[in-house]
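The primary structure of each chain is shown beneath.
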Amino acid sequence: NLFAYQGLYDESIEVNRKFIDFYINRGEPNRISYALRDIARMFDMKEQRDSALTYYKKAGLAALSNGDTTRYYRILGESGSVYYKIGQIDSAQNALLSALSKLKGKENSHIYTLLGYVYEKRQMWDSAYYYREKSILSGDLYRMQSSYTALAKFERRKGNHIQALHYLEKAMNLKDSITQIVQTEAIAKINSLYNYQHTEKENAQLKLDKERQMLYDYTCMSSPE
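Cut-offs applied
Residues numbered from 1 in each chain as written. Predicted model: local features only at pLDDT ≥ 70, side-chain atom pairs only at ≥ 80, totals over all residues. Heavy atoms only, no water. Helix = DSSP H or I, 4+ residues; strand = E, 2+ residues; numbered from the N terminus. Buried < 20%, exposed > 50% of the residue type's maximum accessible area, 1.4 Å probe, protein only. Contact = heavy atoms within 4.5 Å. Areas by Shrake-Rupley, 256 points an atom, 1.4 Å probe, with all protein chains shown as cover. Salt bridge = Lys/Arg side-chain N within 4 Å of Asp/Glu carboxyl O. Polar contact = N/O pair within 3.5 Å; in protein donor to acceptor, adjacent residues only side chain to side chain. Patch = residues over 30% accessible without salt bridge, like charges linked within 9 Å, V, L, I, M, F, W, Y side chains within 5 Å. Axes fitted to C-alpha atoms, helices over the stretch in contact; angles between N-to-C directions. Parallel < 35°, antiparallel > 145°, perpendicular 65-115°, else oblique. Left-handed = near helix turned anticlockwise from the far one by under 90°. Expected span 1.5 Å × (residues − 1). pLDDT = per-residue confidence, 0-100.

A few words on the overall build of the chain. Along its length, the chain carries 10 helices and zero strands. Across the chain, helices and strands are ordered from the amino to the carboxyl terminus as α-α-α-α-α-α-α-α-α-α. Looking at the chain as a whole, 36% of its 225 residues are labelled buried. If you take every contact in the chain between residues at least 6 apart in sequence, the share linking residues at least 24 apart comes to 49%. Summed over all atoms, the accessible surface of the chain reaches about 14,400 Å², with 53% contributed by carbon and sulfur.

Below you can see the structure in the form of structure tokens.
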């Protein structure tokens, strides 16, 4: 997670693969579904969607093999986003609706947002509007801002310009809040990356010092008296 936060996606993938190998060697393959899901997320961030879907499917199967259907549907819901990004709208809709039928509460908030995108793509405006309204209740600033922007567009299409302006103002206010958060997160990320690089430099120096000491000890032991 720390690697992913710093944008070090390849490093995150490598750590998760080691995690998988570790639990398979321990005879506990039922514990690998989250690692497979995280690898899928990293490939999605790298815009390697085919690989992302492959690992989402592996993660889902791993969850099912462990009898954890809730985890399976969480993973399925996430995969809906990737299907949407590659233009497989039917697959996206099926995955999202299946997940929605099994998950409850806040777990559905991202699904509402994605279904809003899906139905907007299909030009099914009533359904898009419905899921965008549901998404606003999530409390997530990013989803709320996106949904208010979409609702403003829908209202403008219907000629309801006052309501459209109302939604647009809400979206703009949320955008200002998000900008402040992003700036704070950017500073935190820079500090985190600096600390990681600084630690790696210290580790390299310690290794070099250790090697020098070993060489010195060996030289002393090998020297004639």
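Below, the discussion takes up the pattern of salt bridges. According to the stated counting rule, one finds 12 salt bridges in the structure shown. Linking Arg31 and Glu28 is a salt bridge whose minimum nitrogen-to-oxygen distance equals 3.5 Å. Among the ionic pairs, Arg71 bridges to Asp68, the shortest N-O distance being 3.3 Å. With a relative accessible area of 13%, Arg71 lands in the buried category.

On the secondary structure map, Ser147 appears in helix 9 (residues 141-157). When the C-alpha atoms of Ser147 and Ser135 are compared, they prove to be 6.8 Å apart, with 12 residues separating the residues in sequence. When sequence neighbours within four positions are dropped, the list of residues in contact with Ser147 reads Arg132, Ser135 and Ile136. A polar contact is formed between the side chain of Ser147 and the side chain of Ser135, at a distance of 3.2 Å.

Let us look at unusual backbone geometry. The backbone phi angle of Glu47 is positive, close to 60°, even though this residue is not glycine. On the secondary structure map, Glu47 appears in the loop between helix 3 (33-45) and helix 4 (49-65). You can call Glu47 exposed: its relative accessible area is 60%. The backbone of Gln123 shows a phi angle near 60°, a positive value even though the residue is not glycine.

Together, Leu165, Leu168 and Met172 line one region of the surface with nonpolar side chains, adding up to about 280 Å² of accessible area. Looking at the element boundaries, Leu165 is found in helix 10 (residues 161-222). Residue Leu165 is classed as partly exposed on the basis of its relative accessible area of 47%.

At a closest axis distance of 8 Å, the pairing of helix 4 and helix 5 (residues 69-85) adopts a crossing angle of 165°. The angle between the axes of helix 4 and helix 5 places the two elements in the roughly antiparallel class. The handedness of the crossing between helix 4 and helix 5 is left-handed. Only Thr69, Arg71, Tyr72, Ile75, Glu78, Ser79, Val82, Tyr83 and Lys85 of helix 5 make contact with helix 4, whose side of the interface consists of Arg49, Ala52, Leu53, Tyr56, Lys57, Ala59, Gly60, Ala63 and Leu64.

Next up on the list: helix 8 (residues 125-136). Under the 1.5 Å per step criterion, the end-to-end length of helix 8 is 17 Å for 12 residues, consistent within 8% with the ideal 16 Å. Regarding helix 8, the residues found buried are Ala128, Tyr129, Tyr131, Arg132, Ser135 and Ile136.

Take the confidence of the model for the chain next. Reading fine detail from the predicted coordinates is not recommended where pLDDT is low. When pLDDT is averaged across the chain, the result is 84; 80% of the residues are at 70 or more. Here helix 10 stands out as the least confident element of the chain, with mean pLDDT 66; helix 6 (residues 89-102) is the most confident, with 96. Low confidence marks residues 215-225, where pLDDT is under 50. Its contacts with residues over four positions away, or in another chain, come to zero contacts.

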